[in-house]
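# Descriptive structure summary
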Amino acid sequence: MSQLEFAHVTKKYGDLEALSAFTLSIQKGELISILGPSGCGKTTALRVAAGFEKFDAGRLIMNGHNIEPVPPQKRNMGMVFQSYSLFPHLTVAENIGFGLSIRKMEKKKRVSVVSDMLDLVRLVDVGHRYPHQLSGGQQQRVALARALAIEPTVLLLDEPLSALDAKVRVEVREEIRSLQKRTGTTTLFVTHDQDEALTISDRVCVMSNGVIQQVGTPQEVYDNPSTDFVATFIGETNSVTIAGNEVLVRPEHTRVVSDAEPDSYRGIVQNFSFAGPLKTVVVRMSVDESLVRATMTNTVGTEWTMGQEVGIVFDHILRPTT
Amino acid sequence: MNKRRTTWEWPVILVVGAFFIVPMLAMTRFAMQRVPMSLLGRDTLFSRWTIRGLMNTISDDKFQPAFLLSVRLGIVTVLVVLALLLPTVLWLHLRAVQWKMAAEVVSLLAYVVPPIALVVGVSGAYRDTVPWIVSTNFGLVPLYAILCLPFAYRTLDAGFAALDLHTLVNASRSLGASWQQTFRKVLIPNLRTAILTTSFLAFAVVMGEFAISSLLLKRTLPTYMVEAQGREPQGAMGVALLLLVLTTVLFMVLGRIQKKSPTSSSQEIRITP
């Protein structure tokens, strides 16, 4: 039995359908990411799960029970928000203990849980500090600890990393995954960042315009995208015409070779960039003048010059365009 | 750049300071020196200082009831204003942003409607249906609440606007808090400064309001002071001065409280839950 299930949930804002028959089942202990561009409905799905949004049709089921009429405070879902959501008038420890004091947990036990949580997010020394005395990364770790302290049935993460700088984002992302695995908390993670979704999720749900495009493991959605949107939204693609058919090919499955190699398509080098172990070559295809990007490992002796005539080989066709 | 700013700062501070302090010093001399007003000059600076006038007024039988009535009216007005505006402004920020402009306009009505029109209108409209508004002292409270609206609304509005309200409310509710608990444990503590400022300002308005209470024939502190001015002008001035000092002290206390807010870096660190 799934822990949380959206069954044909539809949510409209006037004429706009933010969620269209949204159907997703989340298993116990699983971390699912909802991935999509801004305005695709991913945050609406999360807010529906949290109880902050009513929906127009469908059912929302948690552990076999319809939770549509249950108010947010009774759903036992911990939530971490995009903006720093710590209560400014409470210390870190008081913030973590907030949900526990609402549940009237006795003080001794509460202090013990808070201490465990501080330990879990490696912030033992900052329990007495106020939120404004912490860095952004620390604040989000405290928010995570606060959400986990109540032992939520489902943990909801609403783009919790987007306010952080790149380095801290990677650290906190890894911490989220590690904590989720350790605590076994069922987690719904909303993001527009494909790297985040692919690296920490058990499964990824790709959305566009309120509609689920594909649900699968990160490998599945990357290697076998079921729609052009998924193929182009996750990773990079070249759109090229081969034997009269338009197809999508990943840059890493595209190779630039010397002009003499047989079975290769002809093209002219337009640009190239060097990034340490990898290099990217942009070639204009002779057949249809389209630009193709090839990402290859940087091996000694393979150097290209602008305007050079080269061959292009496609090792793997991702999918034909529809 | 910095130096130039500092050069300009001091004259401005001195001029503004003089604007407030010179009249207060003049009041002090008038209230506390038993010297005819025409002789109040440099030569008489240290002559015949006394608080007899102030004490005469304070010990007058009619002073204490008037003062206590104003204090009681002030406290009740503050409570009414907060009870009315806190949920309203919260609702406007969370659920009805489109109504904020209308609320701002309505809150300004106190400036548009003159006290005489307010009194005549209220007396006429409520004399038969809600007679206590006209007949009892506490009938002044709704009128005072209207007088306090312009700044009370704006102070609370600014307090709410300074918070990431939606996130705080959602965070609190997702952690299991009901609306009431969210209001009490999250919003009120974070609006402490706005609430205190509103309270002090509303209280100060009530302590100084003359027109409405006079028109409705209520003996509040301001109406008493106008009465007393004829009998004991120095005493009335002394009471006015005392009120000014009290208000200043109140605002200094408010300033201290603001500095102690957890968002201030000078805040001491508190204990665990």
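Remember, predicted model here, so these are calculated numbers, not experimental data. (Residues numbered from 1 in each chain as written. Chains lettered and ligands numbered in written order. Predicted model: local features only at pLDDT ≥ 70, side-chain atom pairs only at ≥ 80, totals over all residues. Heavy atoms only, no water.)

### Regarding the domain arrangement of chain B
Residues and elements named next belong to chain B. Our working rule: The domain boundaries here were taken from an automatic or database domain assignment. Contacts are assigned to residue pairs with any non-hydrogen atoms lying within 4.5 Å of each other. Two parts placed together each lose some accessible area; with a 1.4 Å probe, that loss summed over both constitutes the buried area. For this analysis, a salt bridge means a side-chain nitrogen from Lys or Arg found within 4 Å of a carboxyl oxygen belonging to Asp or Glu.
The domains assigned to chain B are domain 1 (1-50) and domain 2 (57-266). Relative placement of domain 1 and domain 2: their C-alpha centres are 31 Å apart. Residue-level contacts link 8 residues of domain 1 with 8 residues of domain 2. Taking both sides of the interface into account, the surface hidden between domain 1 and domain 2 amounts to around 800 Å²; carbon and sulfur atoms contribute 73%. Summed over the three residues of domain 1 that lose the most area to domain 2, namely M24, M27 and F30, the buried surface amounts to 60% of that side. Our count for the contact surface shared by domain 1 and domain 2 stands at 1 salt bridge.

### What to know about the sheet that holds strand β12 (residues 245-249) of chain A
All names here are of chain A. The line we're drawing: Here, a strand pair is defined by DSSP locating no fewer than two bridges between the strands. Numbering of helices and strands starts at the N terminus; helices are DSSP runs of H or I of at least 4 residues and strands are runs of E of at least 2.
Within the open sheet, the 3 strands sit side by side as β11-β12-β18. Their pairing is antiparallel. Edge positions in the sheet fall to β11 (238-242) and β18 (319-320), since each of these pairs with one other strand and no more. Pairing geometry for β11 and β12, over 5 bridges, is antiparallel. Following the sheet pairing, N238 is matched in β12 by V249.

### A look at empty space enclosed by the protein
All names here are of chain A. To be explicit about the condition: A pocket, in this scheme, is an open set of points on a 1 Å grid over the protein atoms alone with protein on both sides within 12 Å along at least 5 of 7 lines, while a cavity is a set where a 1.4 Å probe fits but cannot get out; residues line either one if an atom lies within 4 Å of a point. Grid points are joined across faces, edges and corners, and a volume is the space filled by probe spheres set on the points. Ten residues, namely Ala, Val, Leu, Ile, Met, Phe, Trp, Tyr, Cys and Pro, are considered nonpolar, four, namely Asp, Glu, Lys and Arg, are considered charged, and the remaining ones, Gly among them, are considered polar.
What the rule picks out here adds up to 1 cavity of 30 Å³ or more. In this model, the largest cavity occupies a volume close to 40 Å³. Around the largest cavity sit L144, L148, L155, L157, I176, L179, Q180 and T187, which together line it. Residue assignment for the lining of the largest cavity shows that the elements contributing at least two residues are α4 (136-149), β7 (154-158) and α5 (166-183). Its residues assigned to classes, the lining of the largest cavity shows 6 nonpolar, 2 polar and no charged.

### Quick notes on α5 of chain A
Residue and element names in this part refer to chain A. Heads up, the condition is: To estimate how far a helix should reach, multiply one less than its number of residues by 1.5 Å. Accessible area is worked out with a 1.4 Å probe on protein chains only. A residue is then buried under 20% of its type maximum, exposed over 50%, and partly exposed in between.
Over its 18 residues, α5 runs 26 Å from end to end, which matches the ideal 26 Å to within 8%, given 1.5 Å per residue. Every buried residue of α5 is listed here: V172, R173, E175, I176, R177, L179 and Q180. Against β3 (31-35), α3 (107-120), α4, β7, β8 (186-191) and α6 (194-200) lie the buried residues of α5. G184 sits one or two residues past α5 and shows a positive phi near 65°.

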